[in-house]
Structures are given as structure tokens and as C-alpha cells.
Amino acid sequence: MENSWHIHLIRSRRRSVGIRIDDSGEITVRAPLRMPEREIRQVLESKRSWIEKTLAKISSRPQLPKLTAEEVNALADRALKEIPPRVAARAKQMGVTYGRITIRNQKTRWGSCSAKGNLNFNCLLMLCPEDVMDYVIVHELCHRKELNHSPRFWAEVEKVLPDYKQPLKWLKTEGQAIINRIQN
């Protein structure tokens, strides 16, 4: 393997190898408890071109300045004012109910929906385009009908937002740069 690769290996009760590359270029490999290291190396080798392409993309990406605590608090305050009315309007349109809305400062998620119907949203949504914010809201509200990511779930999203794939693509390509603005 490349000496320049920073690999963090996590073994757990899982059946397959998972590879994740964060925006700092650290590669996290999740592997089954008893899988031999040579098999893990073989999986990494088979994914070499994807890993190298991803690392190259990360290193060429401009680094946005980190947000101060005051800036994050201001985003959270703004999100508390702007997101609940949007959720209420979309929930009414979709015919769903929900519980409590919480605004958080998260490094891995844009939103979530609990089994009880409580919704969490990342304050960093305030730095995203409006169609992306609407997509995240609709996505979480669709979990009130389907608490999974099955084809039925995605059909519900598409009923409300026929072009949902565009904001989803934006989150995948641009979203990590925004999340990386949070101080570690």
C-alpha cells in the first residue's frame, strides 16, 4: 500500500469491508473481526483507483475558513427562525405530523428523524442553497412515512420534489466543504 495513505482500521461485527475517506484524506476501513489483514489489503488494492481519485479531489479542493463559535451560534439562531416554518408548511403539504425540531451543529449529518417523529437539522443548512435546505426538510419528513431508505421512501421524496437528485448531488459534491468549516 501507499505509504502516504493514512488508514484507520476498525474491526467490528460486520460481514464486509467498508471504506470511507474524510476530507482530511484519512481513510477509515471497517472490517469484520476475523478477516485476515492480507484480505483487507486486497480489498484496498482493488479500490486503489477510486481511493487515489478521491484523495486527489480532496487535495485540489479549496479549503474554506473555519467558522467561529459566534458564527455557528448565529447560524443556529437563524436556523431556529427559518427551518420550523418551512417544516410546518412542508408537513402540511405532505400530510404528515412530527414532534420536536432541534437545531444542531453536526459534522456528519444534515438532518435526521427519530422513530418518535422528532426532527434534527444541522445549522449549517443556512449556508446551503434554498433548494438544498428544502430537500433535507422533505427527506426527513418522508421518514414519517418510511423510516428507511427503501425504494418506497425515495418514491415519496420524488412525489414532493421531482428534481430531488440535483440538491442531493449538490450535498454530495459541495456539502463536505461546508461541514469542514466546523472547528474540531
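Residues numbered from 1 in each chain as written. Predicted model: local features only at pLDDT ≥ 70, side-chain atom pairs only at ≥ 80, totals over all residues. Heavy atoms only, no water.

Engineer: It is not clear to me how the side chain of His-143 should be interpreted in this structure. Could you clarify?
Structural biologist: Its place among the elements puts His-143 in the loop between α4 (130-142) and α5 (151-160). Residue classification places His-143 among the buried residues on the basis of a relative accessible area of 10%. Among the polar contacts listed, one links the side chain of His-143 to the backbone oxygen of Asn-148, at a separation of 3.3 Å. What His-143 contacts, discounting residues up to four positions off in sequence, is Cys-113, Asn-148, His-149 and Phe-153. (Helix = DSSP H or I, 4+ residues; strand = E, 2+ residues; numbered from the N terminus. Buried < 20%, exposed > 50% of the residue type's maximum accessible area, 1.4 Å probe, protein only. Polar contact = N/O pair within 3.5 Å; in protein donor to acceptor, adjacent residues only side chain to side chain. Contact = heavy atoms within 4.5 Å.)

Engineer: Hey, could you run me through the pattern of salt bridges in this one?
Structural biologist: Oppositely charged side chains can form a pair if their charged atoms are brought close together. Summed over the entire model, instances satisfying the criterion amount to 10 salt bridges. Notably, a salt bridge pairs Glu-37 with Arg-41, separated by 3.7 Å at the nearest N-O pair. In this pair, Glu-37 and Arg-41 both sit in helix α1 (residues 37-46), 4 residues apart, roughly one turn of the helix. Arg-152 is paired through a salt bridge with Glu-146; the nearest N and O atoms lie 3.1 Å apart. What emerges from the salt-bridge pattern is a single network uniting Arg-86, Arg-90, Glu-130 and Asp-134. (Salt bridge = Lys/Arg side-chain N within 4 Å of Asp/Glu carboxyl O.)

Engineer: Any chance you could explain the packing of helix α3 (residues 69-94) against α4 here in plain terms?
Structural biologist: When two helices pack together, their arrangement is given by the angle between their axes and by how far apart the axes lie. Interhelical geometry of α3 versus α4 gives an angle of 55° and a closest axis separation of 10 Å. It follows that α3 is oblique to α4 by the angle criterion. Taken as a pair, α3 and α4 cross one another with a handedness that is right-handed. In this structure, α3 uses Ile-83, Arg-86, Val-87, Arg-90, Ala-91 and Met-94 to contact α4, whose residues at the interface are Glu-130, Met-133, Asp-134, Ile-137, Val-138, Leu-141 and Cys-142. Looking at side-chain class alone, the contact of α3 with α4 contains 9 nonpolar, no polar and 4 charged residues. (Axes fitted to C-alpha atoms, helices over the stretch in contact; angles between N-to-C directions. Parallel < 35°, antiparallel > 145°, perpendicular 65-115°, else oblique. Left-handed = near helix turned anticlockwise from the far one by under 90°. Nonpolar A, V, L, I, M, F, W, Y, C, P; charged D, E, K, R; others polar.)

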